[in-house]
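# Commentary on secondary and tertiary structure
Residue strings, one per chain:
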Amino acid sequence: VQLVESGGGLVQPGGSLRLSCAASGFTFSSYAMSWYRQTPGKEREWVASIPSGGGYTNYAESVKGRFTISRDNAKNTVYLQMNSLKPEDTAVYYCKGRWTTVSYWGQGTQVTVSS
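The structure presented is a predicted model; accordingly, all values stated were derived computationally and were not measured.

Conventions we followed
- Residues numbered from 1 in each chain as written.
- Predicted model: local features only at pLDDT ≥ 70, side-chain atom pairs only at ≥ 80, totals over all residues.
- Heavy atoms only, no water.
- Salt bridge = Lys/Arg side-chain N within 4 Å of Asp/Glu carboxyl O.
- Helix = DSSP H or I, 4+ residues; strand = E, 2+ residues; numbered from the N terminus.
- Buried < 20%, exposed > 50% of the residue type's maximum accessible area, 1.4 Å probe, protein only.
- Core = buried A, V, L, I, M, F, W, Y, C linked by side-chain atoms within 4.5 Å.
- Contact = heavy atoms within 4.5 Å.
- Pairing = 2+ DSSP bridges.
- Axes fitted to C-alpha atoms, helices over the stretch in contact; angles between N-to-C directions.
- Lys, Arg positive; Asp, Glu negative; His and termini not counted.
- Polar contact = N/O pair within 3.5 Å; in protein donor to acceptor, adjacent residues only side chain to side chain.

### Observations regarding the pattern of salt bridges
Counted according to the given criterion, the structure contains four salt bridges. Residue Arg 37 is joined to Asp 89 by a salt bridge in which the shortest nitrogen-to-oxygen separation is 2.9 Å. Taken together, the residues span a long stretch of sequence, with Arg 37 in strand E4 (residues 32–38) and Asp 89 in the loop between strand E8 (77–82) and strand E9 (91–99) at a distance of 52 residues. Between Lys 64 and Glu 61 there is a salt bridge, with the nearest N and O atoms lying 2.7 Å from each other. On the basis of relative accessible area, Lys 64 is assigned to the partly exposed category, the value being 46%. Under the relative-accessibility criterion, Glu 61 is labelled exposed at 65%. One continuous salt-bridge network, built from bridges that share partners, spans Arg 37, Glu 45, Arg 66 and Asp 89.

### Observations concerning the nonpolar core
In this structure, Trp 35, Val 78, Leu 80, Met 82 and Tyr 93 are the most contacted members of the largest nonpolar core, which totals 28 residues. Counting residues per element, the ones that place at least two in this core are strand E3 (17–24), E4, strand E5 (45–50), strand E7 (67–72), E8, E9 and strand E11 (109–113). At four residues, the largest contribution of residues to this core is made by E3. In contact with Leu 80, not counting residues within four places along its chain, are Leu 17, Arg 18, Leu 19, Trp 35, Val 47, Ala 48, Phe 67, Thr 68, Ile 69 and Tyr 93.

### Observations concerning the sheet that holds E7
Spatial strand order, E1-E3-E8-E7: four strands in an open sheet with antiparallel pairing. Strands at the two margins of the open sheet, each flanked by one partner only, are strand E1 (2–6) and E7. Strand-to-strand twist across the sheet, computed as the mean angle between neighbouring axes with direction ignored, equals 15°. In this sheet, E8 lies alongside E7 in antiparallel orientation, the contact comprising six bridges. Paired with Arg 71 across the strands is Val 78, a residue of E8.

### Side note on the environment of Tyr 104
Here Tyr 104 is to be found in strand E10 (residues 102–105). Tyr 104 has contacts with Val 1, Leu 3, Phe 26, Tyr 31, Cys 95, Lys 96 and Gly 97, leaving out every residue within four places of it along the chain.

### As for the side chain of Glu 5
Take Glu 5: it is sitting in strand E1. The buried charged residue Glu 5 lacks any salt bridge partner; its closest oppositely charged side chain belongs to Arg 44, at an N-O distance of 7.2 Å. For Glu 5, the side chain forms a polar contact with the main-chain nitrogen of Cys 95, separated by 2.8 Å. Among the polar contacts listed, one links the side chain of Glu 5 to the backbone nitrogen of Gln 107, at a separation of 3.0 Å. Setting aside residues up to four positions removed in sequence, Glu 5 forms contacts with Ser 20, Cys 21, Trp 35, Tyr 93, Tyr 94, Cys 95, Gly 106, Gln 107, Gly 108 and Thr 109.

The quantities given are spatial measurements derived from coordinates; they are silent on function.
See the structure below:
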């Protein structure tokens, strides 16, 4: 089982990034997918979720209207489009797959928002 995030990097405030999370080793289309983020000394924070078949999505209030989660089950990939980035969005971003009581996590990708 693997979840591999990519697309992180350094971006200026107001800029955009698109994170990807490529899945393998499990039935991706059966799993609800989420993005979380974590900064040093803080607990991991939920950012956004999308159900197994796509459609209805949920967002943390801090990112609502700026971030968009989507998935392509044919490519076993979930995305996080991040617009209007702020310095407080700086974190390591993780994707998570969940089906009933089974969860898988990726290794994370660093996003730094700074001028």
